[in-house]
Every structure is written in structure tokens, then in C-alpha cells.
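# Descriptive structure summary
Read off the chains here:
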Amino acid sequence: MQDVPYADLAAEHRAPPQRNTLGKASVYAIFICWTLFAVFVYSRYSQLGDARAYMSGGYDDEASARTYMVTQIATTLIGLLRVDVLAHLAFSMFAATGVAYMVGQARVHGHYRWPLLALLLTPSFGVWASVVGRESLYIGCLGFFMGALVGYFRARGMHRLLLAMVALAGMVFIRAPFGGAMALFFVMAWMLMRGPRVGLSLGVQMMVLLALGALAIVIAWPQLDDYIAGEVLPKARSYFTIYSDSTRMWINIQTSRELFSSLWWTLPLAVVGPTPGEVFARPVLFPFFVSGLVVFFLLLYAIQQAFRAPKGLPRKILVLGWLPAMLVTLISYVPFGVYNAGSGIRYASCFLLFLVFPWMLRSALAATAEQPAALRRPRDFHQYRLAELR
């Protein structure tokens, strides 16, 4: 009988070479390039959202608290740096630092880095993540939030939990609907990681979660219906009708029932962004059309990766925590993404980073399983590593 070369097999799957990892310097370089592209190229063809108004103090004290905060930060930076591009770089570096922290906590390596790189290199994400605005602040907070949760899964630590809560508070303040979805994910992830073990299969827990979610919707439906039909939908439509000539006037969603019944076509339209007809009318939208297709297929791939995660806690975190939070995020985004492709892209940039969480968790899992036993916290990661190698 021939001996199996276990030593060679172990050496093959040890910590990946440095060239196979995604370094933090690469993340910062990508964000800097996007800032320069947005300021010196993209701004020649389209305005950079509300960046100019933020930096010039265009929003007075009567604006919302989050808008006023961003205005104060932007005007302070302009007063100190005197150059617009440096103010953009300051916001960009905050977002980049959050993403770099996530990359470090997830130990991103091997094939796990490609979905993140695909996202970082899409204009739909890169342009708005690297200029003055609420989007870059939200992305920075989301990066710290995801990194803290991945790090907490890998090595626990109260400081990571506190960082996640601080970042979560920032996201709720900046974009309340998206931040609310992240709060749902935080609660589910924490309960799965630290709560009592119920001994139920994933399928049974999914059914229980669906039943509880349906019950919560039934109880809160009168208030939820009034909020959607009375505030969200009128605000979204009136905003884009007034401020943009490219609003899709043929779309008219007036009630909550219309919103939910039309999700089968409004959600893909909002995620992809520009249609081929709109690209033909405005060729400048072509890169964003391609980006929208990348994001759409990345979403489908991420859902598949969630169900293919190693059995046990990793799969439960993704299926019971990440997937519902992603669904709530997408539904809350539809009213602001379906009426106008250009503005919808800006809104979507806030949550796009959340798409790659399945790969971040699985990368951290694989990297932890490869650590020497003396450096690992007392938990068996070998079964997860074997599943990742299949």
C-alpha cells in the first residue's frame, strides 16, 4: 500500500503566499485612483452628487442633522486644506480605512479576494465611495462594521463588538433604512455566535425565522404601510421629478401593495441601473450599465455562496443573518433606485460592500483554520477548512 503524503498535502494548504493576499496598500491605492478619476474625469460629464453643496456650505441649519453634519465636516476640511481634491481624498481615505480594516480582519486571500476586487473596481461603487458625501462616510462605517463582526467571529474580543456597535450607530444616523437592516444583521449574528445553542437544523430555524418575520410584519403593518405610502414613496418620486430630467416618468408606484407586488421587476431594474435604451441616449452611462450587471450577478453569486458555506455556524450566520438583512436592504433601496438610474447608483453605493460579506467570512474561516493550534482560540476549525477545500 502506498503511503499518502499527508505532509505534502498539509504544506499545500498552509497560509497562502504573500502574492495571493489582498494588501491594505492596494485598497488605499484603488480609492486614491477613484478619487482622481471622479474629480478630474467624471465631474466633466456629470455632477458629483451633493459634493459641491457640502463643500460650499450650501445646506443651511434647517437641513437634516446628517446633512448638516456632512456639511460641517466638508467645510471644515476645505477651510483647512484649501483644495477640493484634498477634501475628496479625506473622505475617500475614511472609506478606504474601513475597507482596509475589513480586509485585514478577514485575512482576504486566494480566490476570496476576487469578488471584493470586482466590486472595488466598478464605477458604481468607486466613484461615490471616494468623494465628499454621505456615501463615503457610510461605506467607511460599513467596512469597520463588517471587519469587526468578521474579527469577532474569528477571535472574539469586546473591542471588536464595541467597534461594530459604534459603526452601526453611524450607519443608522447616515442612512436609516440601510442602517436598520445592518442592525437586524448585527442582532442575528450576535445571537448565533453568543446565544444558546438550540440544536435545530438550518431548515427548521429558517422556518421559525420566516414565521416570526411574518408575524412582526402583520403586527406592524398599519404603521409600516402609512410610512411607506405616506412618506417614502412620495418623497422618492417628488425628489427625482423635481431635480432630474432623466427621471423615469413611466414608473408610478403609489401604494405599499404596488411596491411589493412589483418587486419582481423593479428590484432587478434598480440594482442594474441604466437600461440599454438609457445607455443609448446617454453613452456616459455605459460603464455604470456594465457595473450594474456585475453587481447583479455578484448578488446572485453571493446568495449561492451563503448556502454553500460550511455547515454549522458559518452557514447559519449567512443564511439566517446576512440574507434577510440583504433582502431588507434591497427592498428599502428600490423606491430610491428605480425612478432615476443616475441617482440610484449613488444610493446603491452605500450597501454594495455588504454583498461580499460571505467571502469575507469564509476567508477568515479558512485563514483561521490554517493557523498553528497554539495561536487559535479553542475551537475546531478543521472541518470548516476541509469544506472550503472541496
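These figures come from a predicted structure and were not determined experimentally. (Residues numbered from 1 in each chain as written. Predicted model: local features only at pLDDT ≥ 70, side-chain atom pairs only at ≥ 80, totals over all residues. Heavy atoms only, no water.)

### Remarks on the environment of Val319
Short version of the rule: Every helix listed is a DSSP run of H or I at least four residues long, and every strand listed is a run of E at least two residues long, numbered separately from the N terminus. Burial classes follow relative accessibility: with a 1.4 Å probe on protein chains only, a residue under 20% of its type's maximum area counts as buried, one over 50% as exposed, and anything between as partly exposed. Two residues form a contact once any of their heavy atoms are found within 4.5 Å.
As for its position among the elements, Val319 is in helix 16 (residues 313-337). For Val319, a relative accessible area of 3% translates into the label buried. Along the chain, Val319 and Gln305 lie 14 residues apart, while their C-alpha atoms are 9.8 Å from each other. Apart from residues no more than four positions distant in its own chain, Val319 is found in contact with Leu202, Met206, Ala306, Phe307 and Pro324.

### Digging into the confidence of the model for the protein chain
Going by this rule: Residue-level confidence of the predictor is summarised by pLDDT, bounded by 0 at the bottom and 100 at the top.
Counting all residues, the mean pLDDT for the protein chain is 85, and 86% of those residues have values of 70 or more. In this model, residues 1-13 is a region of pLDDT below 50 whose contacts with residues beyond four sequence positions or in other chains number three contacts.

### Observations regarding the pattern of salt bridges
Heads up, the rule is: Any carboxyl oxygen of Asp or Glu that lies within 4 Å of a side-chain nitrogen of Lys or Arg is treated as forming a salt bridge with it.
For the structure on display, the rule yields five salt bridges. Between Arg52 and Asp84 there is a salt bridge, with the nearest N and O atoms lying 2.7 Å from each other. Here Arg52, found in helix 3 (residues 51-56), pairs with Asp84, found in helix 5 (residues 84-106); they are 32 residues apart in sequence, far enough to count as distant. The partner of Arg175 in a salt bridge is Glu135, with the nearest N and O atoms 2.8 Å apart. Taken together, the positions of Arg175 in the loop between helix 9 (158-174) and helix 10 (176-194) and Glu135 in helix 8 (residues 134-155) put the pair 40 residues apart, joining distant regions of the chain. For Glu135, a relative accessible area of 4% gives the class buried. Three or more residues are tied together by salt bridges with common partners; here these are Asp50, Glu135, Arg175 and Arg346.

### What about the nonpolar core?
A general feature of soluble globular proteins is that nonpolar side chains tend to end up buried together. This is how the line gets drawn: What makes a nonpolar core is a set of buried Ala, Val, Leu, Ile, Met, Phe, Trp, Tyr and Cys residues whose side-chain atoms join them at distances within 4.5 Å.
Counting residues in each nonpolar core, the largest one holds 116 residues, and the members touching the most others are Phe145, Met146, Phe185, Leu353, Phe354, Phe357 and Met360. When sequence neighbours within four positions are dropped, the list of residues in contact with Phe145 reads Ala164, Ala167, Leu168, Met171, Met182, Phe185 and Phe186.

### Notes on unusual backbone geometry
Even without being glycine, Arg82 reaches a positive phi, approximately 70 degrees. In this structure, Arg82 sits in the loop between helix 4 (65-81) and helix 5. Residue Arg82 is classed as exposed on the basis of its relative accessible area of 69%. The residue Arg156 is not glycine, and still its phi comes out positive at about 55 degrees. Arg156 gets classed as buried once you look at its relative accessible area, which sits at 14%.

### What about the packing of aromatic side chains?
Where we set the bar: Here the aromatic set is Phe, Tyr and Trp, taking the six-membered ring for Trp, and pairing holds for ring centres within 6.5 Å; pairs whose planes are under 30 degrees apart are stacked, those over 60 apart are edge-to-face, and all others are tilted. The criterion for a charge sitting over a ring is simple: Lys NZ or Arg CZ within 6 Å of the ring centre, and within 35 degrees of the ring normal.
What the rule picks out here adds up to 20 aromatic pairs. Taking the centre distance of 5.2 Å and the plane angle of 65 degrees together, the rings of Tyr333 and Phe351 count as edge-to-face. Placement of Tyr333 in helix 16 and of Phe351 in the loop between helix 17 (341-348) and helix 18 (357-369) is noted, with a sequence separation of 18 residues between them. In this structure, Tyr333 and Phe351 share a single accessibility class: buried. Grouped by ring-pair contacts, the aromatic residues Phe145, Phe185, Phe186, Trp322, Phe354 and Phe357 constitute a single cluster. For Arg156, the ring lying beneath its charged end belongs to Tyr152, and the centroid distance is 5.2 Å.

### Points about helix 13 (residues 263-272)
Given 3.6 residues per turn, any residue in an α-helix points the same way as the ones three and four places further on. Burial analysis of helix 13 places seven of its ten residues in the buried class, which makes it a mostly covered element. Considering only its buried residues, helix 13 is in contact with helix 12 (256-261), helix 15 (286-307) and helix 16. Looking one or two residues beyond helix 13, the residue adopting positive phi is Gly273, at roughly 95 degrees.

### Observations concerning a nonpolar patch on the surface
Our working rule: To count toward a patch, a residue needs a relative accessible area over 30% and no salt bridge; like charges are then connected within 9 Å, while nonpolar side chains (Val, Leu, Ile, Met, Phe, Trp, Tyr) are connected within 5 Å. In short, Shrake-Rupley with a 1.4 Å probe defines the accessible areas, and a residue's cover is counted only from the protein chains shown.
On the surface, Ile32, Leu36, Phe37, Phe40, Val41 and Tyr45 cluster together into a nonpolar patch covering about 550 Å² of accessible area. With respect to the helices, strands and loops of the structure, Phe37 is situated in helix 2 (residues 24-40).

### Quick notes on the side chain of Thr329
Note the cut-off: Polar contact is the term for a pair of N or O atoms within 3.5 Å; when the atoms are in protein, one must be able to donate a hydrogen and the other to accept it, and sequence-neighboring residues count only if both atoms are side-chain atoms.
Residue position: Thr329 is located in helix 16. A distance of 2.8 Å separates the side chain of Thr329 from the backbone oxygen of Ala325, its partner in a polar contact. Excluding anything up to four places from it in sequence, Thr329 contacts Phe178, Ala181, Met182 and Phe351.

### Some points on the packing of helix 5 against helix 8
Put simply, the rule is: A fitted line through C-alpha atoms serves as each axis, taken over the contacting stretch for helices, and the angle formed by two N-to-C directions is quoted from 0 to 180°. Roughly parallel means an angle under 35 degrees; roughly antiparallel, over 145; roughly perpendicular, 65 to 115; everything else is oblique. Here a crossing is taken to be left-handed if its near helix is turned anticlockwise relative to the far helix by less than a right angle, and right-handed if that turn runs clockwise. For this classification, Asp, Glu, Lys and Arg are treated as charged, while Ala, Val, Leu, Ile, Met, Phe, Trp, Tyr, Cys and Pro are nonpolar and the rest, including Gly, are polar.
Running from N to C, helix 5 and helix 8 point in directions that differ by 15 degrees, and their axes come no closer than 7 Å. With respect to helix 8, the element helix 5 is oriented roughly parallel. Two packed elements cross with a definite hand, and for helix 5 against helix 8 that hand is left-handed. The residue inventory of the contact of helix 5 with helix 8, partitioned by class, reads 14 nonpolar, eight polar and one charged.

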